[in-house]
Amino acid sequence: MHYTELDTPALAVDLDVLEKNIGDLQKACDRLDIGLRVHTKTHKTPAIAHRQLAAGAIGIVSQKLGEAEAMDEAGIGDILIPYNIVGKPKLERLTRLLKTAESPCTVAADSAATVQGLSAQAAATDCSIRVIVEMDTGSGRCGVQSPADTLELAQLIDGLPGLEFQGVMTYPSSERVRPFLDEVRHLMDGAGLPLPTVSGGGTGSEAISKSLGCTETRIGSYAYEGMTRVGKREDLHPSRCPLRVVVTVVSTARPGQIIVDAGQKAFTSYPTTPYGYCIEHPEIWIKGMSVEHGHVDISASDHTFKVGDVLSFIPQHGGMTTNLHNRSFALRGGLVEEEWEIAGRGRAQ
């Protein structure tokens with residue numbers, strides 16, 4: 001089947017571009033001799049995670065427990081959940097996951113309350129939980145606030161029953177992290193606490209992660225290379241960005257405009273404008289969206305568009321767009337080669 005025969009709107013992935021993106025980053029990390037732990041929150045698709053692991057990734061990252069469960073169900077192991085797991089329902093799910101997973105799973109924490117909850121759950125279920133300390137080295141999000149706080153929490157983890165201290169993580173990797181991380185190493189060494197894992201993160205930061213002495217780098221958006229990676233709408237290009245939303249023209253009634261059958265619920269809730277890159281006609285652009293309609297400006301095009309025409313747009317944020325779809329279609333040369341379940345979509349709990 002050709003992609004123009006798909007029922008639209010449909011999410012599609014160009015396999016040649018995806019495989020190139022996966023291979024290029026893996027080769028870069030191999031040259032640097034740093035472990036690549038691929039973030040699945042962008043694609044949420046086990047079939048893609050399997051490809052990343054086959055290329056040489058050491059494991060995956062799943063931002064939420066639900067996404068980790070979806071990946072585990074697909075036979076993917078060595079999962080890092082870089083998130084505070086809080087509350088009885090999630091703690092119970094976590095230990096069920098740990099008991100069924102074939103490979104180790106690790107979680108992050110940044111407070112005594114979080115690690116005490118983990119320890120209590122581990123003791124209650126006769127389970128061991130691997131924990132790393134999340135450090136706030138400038139992102140202003142989660143994370144302990146100083147090297148001294150890092151050591152204090154690490155010592156608490158090391159001393160609590162049912163927990164295994166595995167190291168530390170930071171995001172994003174940058175030169176400003178260096179003094180913080182150097183002091184953490186100094187304090188841990190003085191306290192006799194080894195750091196088996198020093199996890200850096202951020203697409204495009206593999207070299208600085210290595211320079212900082214990280215043992216692994218967490219990277220995800222490279223697979224789809226959307227706006228968050230390339231920076232500008234005009235830099236979106238089919239040679240870099242494998243993700244497409246395939247749409248159908250449903251109205252040509254208004255001069256200088258066509259309406260396609262994909263709006264905010266197919267692309268993303270709060271799109272920037274102009275939005276997207278049309279592969280077939282790069283001179284046109286989405287000037288606005290209703291909930292179910294895409295308003296496309298065709299004034300710069302000399303092509304005569306007709307109702308029923310099929311177009312494909314590279315979305316500007318692959319992760320947000322992917323989370324709106326249940327499945328995607330893997331294309332090679334425009335032909336559908338596989339159909340993939342986006343098993344992690346909507347798994348925000």
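Refer to the preceding data block for the structure.
Anyway, here's the lowdown on the structure attached to this text. Bear in mind that the values here come from a model prediction, so they are computed numbers and not experimental data.

**Notes on the pattern of salt bridges**
- Applying the stated rule across the entire model yields 16 salt bridges.
- Between Glu92 and Lys88 there is a salt bridge, and its shortest N-O distance comes to 3.9 Å. Here Glu92 pairs with Lys88, and both are found in helix α4 (residues 88–100), just four residues apart, close to one helical turn.
- Taking the relative accessible area as the measure of exposure, Glu92 reaches 29% and is therefore partly exposed.
- A salt bridge links Asp309 to Lys306, with the nearest nitrogen and oxygen atoms 3.7 Å apart.
- Its relative accessible area of 17% is what places Asp309 among the buried residues.
- In the salt-bridge network here, residues are joined through shared partners; they are Asp16, Glu19, Arg332 and Glu337.

**A closer look at the layout of surface pockets**
- As a volume, the largest pocket reaches approximately 780 Å³.
- In this structure, the largest pocket is lined by 34 residues; those nearest its centre are His39, Lys41, Thr42, Gln63 and His317.
- Of all the elements in the fold, those that place two or more residues in the lining of the largest pocket are β9 (216–219) and α10 (318–322).
- Ranked by residues supplied to the lining of the largest pocket, first place goes to α10 with three residues.
- Residue composition of the lining of the largest pocket, by class: 10 nonpolar, 15 polar and nine charged.

**So, the packing of aromatic side chains**
- One pass over the structure, following the stated rule, counts two aromatic pairs.
- With centroids separated by 5.4 Å and ring planes inclined at 75°, the aromatic side chains of Phe267 and Tyr275 adopt a geometry described as edge-to-face. Here Phe267 matches Tyr275 in class, with each residue buried.
- Taking the centre distance of 6.4 Å and the plane angle of 85° together, the rings of Phe267 and Phe313 count as edge-to-face. In this pair, Phe267 is assigned in the loop between β11 (257–260) and β12 (277–278) and Phe313 in strand β15 (residues 310–314), connecting sequence segments 46 residues apart.
- Take Phe267: its relative accessible area is 0%, and that puts it in the buried class.
- Taken together, the ring pairs connect Phe267, Tyr275 and Phe313 into an aromatic cluster.

What counts, and at which threshold
Residues numbered from 1 in each chain as written. Predicted model: local features only at pLDDT ≥ 70, side-chain atom pairs only at ≥ 80, totals over all residues. Heavy atoms only, no water. Salt bridge = Lys/Arg side-chain N within 4 Å of Asp/Glu carboxyl O. Helix = DSSP H or I, 4+ residues; strand = E, 2+ residues; numbered from the N terminus. Buried < 20%, exposed > 50% of the residue type's maximum accessible area, 1.4 Å probe, protein only. 1 Å grid on protein atoms, 1.4 Å probe; cavity = no way out; pocket = protein on both sides within 12 Å on 5 of 7 lines; lining within 4 Å. Points joined across faces, edges and corners; volume = space filled by probe spheres on them. Nonpolar A, V, L, I, M, F, W, Y, C, P; charged D, E, K, R; others polar. Phe/Tyr/Trp six-rings, centres within 6.5 Å; stacked < 30°, edge-to-face > 60°.

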